[in-house]
Amino acid sequence: MEELRHRSRATLHDRLHRVRMAMGLALQAGVAAALSWIFAHEVLNNPQPVFAPISAVGTLAASVGQRLRRTVELIVGVAVGVFLGDLLIYFLGTGGWQLGLVVTSAILLTIFFGASVAIVIQAAATAVLIVTLTPSTQNLEIPRFVDAFVGGGIALLVTAVLLPLNPLRVLNRAARPALDLLAGQLDITAEALRNRDHDSAQRALERLRENKEELAAFTEAIEGAKETSNLSPARWHRRSELTHYAEAADPIDRSMRNSGTLIRRAVTMIEDEEPVPEPLPDAVAHLAESVRLLRHEFAVGEEPEKARERSLRAVSEAGRAYGEGVGFSGSVVVAQVRTTASDLLVASGIDQQEANRLVRKSFGDLEKPAGEPAAEREGTRKPPTAPPIG
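Here's a quick rundown of the structure. (Residues numbered from 1 in each chain as written. Predicted model: local features only at pLDDT ≥ 70, side-chain atom pairs only at ≥ 80, totals over all residues. Heavy atoms only, no water.)

## Details of the overall build of the chain
Part 1 of the argument: In terms of regular secondary structure, the chain is built from 14 helices and zero strands.
Part 2 of the argument: Tracing the chain from N to C terminus, the helices and strands come up as α-α-α-α-α-α-α-α-α-α-α-α-α-α.
Part 3 of the argument: Each of the 390 residues in the chain was classed as buried or not, and the buried ones make up 45%.
Part 4 of the argument: Relative to all contacts within the chain whose residues are 6 or more apart in sequence, the contacts with residues 24 or more apart total 76%. (Helix = DSSP H or I, 4+ residues; strand = E, 2+ residues; numbered from the N terminus. Buried < 20%, exposed > 50% of the residue type's maximum accessible area, 1.4 Å probe, protein only. Contact = heavy atoms within 4.5 Å.)

Written as structure tokens, this is what we have:
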């Protein structure tokens, strides 16, 4: 029962979070639908402007960052559908089999020319409307074109001028699930290493592997923020602030992948009963804190200095662990701490070469006595080498 209550609370929290995330889009869609209907009905004297609000909502329902493209796709799809519908009706008339032929032709033609899925769907839908409504509604073609323009144009007007979303707020909301997921699973892994808890580490690995949705939402939000900052005059001043996020997407993705390798090897490390030096769980925990600090400093618009410091501290602890002695999987965990820390440094705005230099320096500072070359230091552990092939 306790587990059921916990899951219910988690489910409710997730649903409320999704509602908050979609609130701005829902408001934009409602306003765009209302304005497109009013404009088509009152200004253009269209007695039944059904397609205008449909086009507006269709544009806003597109992936964030793809709305300008979706408007063009709507219009192109309408053009193809109207052309094929009228052409085949002229030669074949209307009816069930004619409808099937029109839809099949619209889909095959648009696919032949390499159209997107949106154009294919719009062309087929428009062809259906033309064939089914032509007998009862005359001169449907021109209003359908006009409605597509009106609906798509008003949708862009709403998103760019009337109700432009704050791109940084959208990004912060989208980045939080991805970065919280990464930080949370690294924390669980650190605790699993301390307690040699194989099952806990395995669950962390499985959960991190399910990160596609969070990463997709983050990447989509970046594209949407770029589109908003380019289209909306009220958001032009945000362009420079979006640079951090835009440049951080790829290294955050890499840090996710490298953390997955880290956790997988931590699982093997526990299975094989390899030694777990005390600094190693601390290194993983510092990585988790670095991710949280990066998210916070991005959100408040600060230079992510604390996140960088914590990443390098993770590397230093990994260096201490390596010096105390680790097995094969342990050495991989150490290497992945270094690699993930480098990814986080790059995400914070440091170029790759400088990030690698800082990682090498932090890794060596605590294990190399001052004034003594590492190669000559007694007891230096060398990384394991793979057995020769064959």
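So, next bit.
## Focus on the packing of aromatic side chains
Part 1 of the argument: In total, this model carries one aromatic pair according to the counting rule given.
Part 2 of the argument: On the numbers, 6.0 Å between centres and 45° between planes, the contact of tyrosine 322 with phenylalanine 363 is tilted. In this pair, tyrosine 322 is assigned in helix 12 (residues 305-324) and phenylalanine 363 in helix 14 (residues 352-365), connecting sequence segments 41 residues apart. Assigned by exposure class, tyrosine 322 and phenylalanine 363 land together as buried.
Part 3 of the argument: Positioned above the aromatic ring of phenylalanine 363, the side-chain terminus of arginine 338 is 4.5 Å from the ring centre. (Phe/Tyr/Trp six-rings, centres within 6.5 Å; stacked < 30°, edge-to-face > 60°. Lys NZ or Arg CZ within 6 Å of the ring centre and 35° of its normal.)

## Considerations on the pattern of salt bridges
Part 1 of the argument: For the coordinates displayed, the defined rule picks out eleven salt bridges.
Part 2 of the argument: For the salt bridge of arginine 254 with aspartate 343, the shortest nitrogen-to-oxygen distance reads 3.6 Å. In this pair, arginine 254 sits in helix 10 (residues 243-271) while aspartate 343 sits in helix 13 (residues 328-347), placing the two residues 89 residues apart along the sequence.
Part 3 of the argument: When its relative accessible area of 33% is taken as the criterion, arginine 254 is described as partly exposed.
Part 4 of the argument: What makes aspartate 343 buried here is its relative accessible area of 4%. (Salt bridge = Lys/Arg side-chain N within 4 Å of Asp/Glu carboxyl O.)

## A closer look at the nonpolar core
Inside soluble globular proteins, nonpolar side chains tend to come together where they are buried.
Part 1 of the argument: In this structure, Leu287 and Val337 are the most contacted members of the largest nonpolar core, which totals 53 residues.
Part 2 of the argument: If you list the elements that add at least two residues to this core, you get helix 7 (167-195), helix 8 (198-209), helix 10, helix 11 (279-299), helix 12, helix 13 and helix 14.
Part 3 of the argument: Element by element, the count of residues in this core is highest for helix 7, at ten residues.
Part 4 of the argument: Excluding anything up to four places from it in sequence, valine 337 contacts Leu262, Ala283, Val284, Leu287, Ala314, Val315 and Ala318.
Part 5 of the argument: By size, the runner-up hydrophobic cluster in this structure holds 14 residues, among which are Ile75, Ile89, Val102 and Val131. (Core = buried A, V, L, I, M, F, W, Y, C linked by side-chain atoms within 4.5 Å.)

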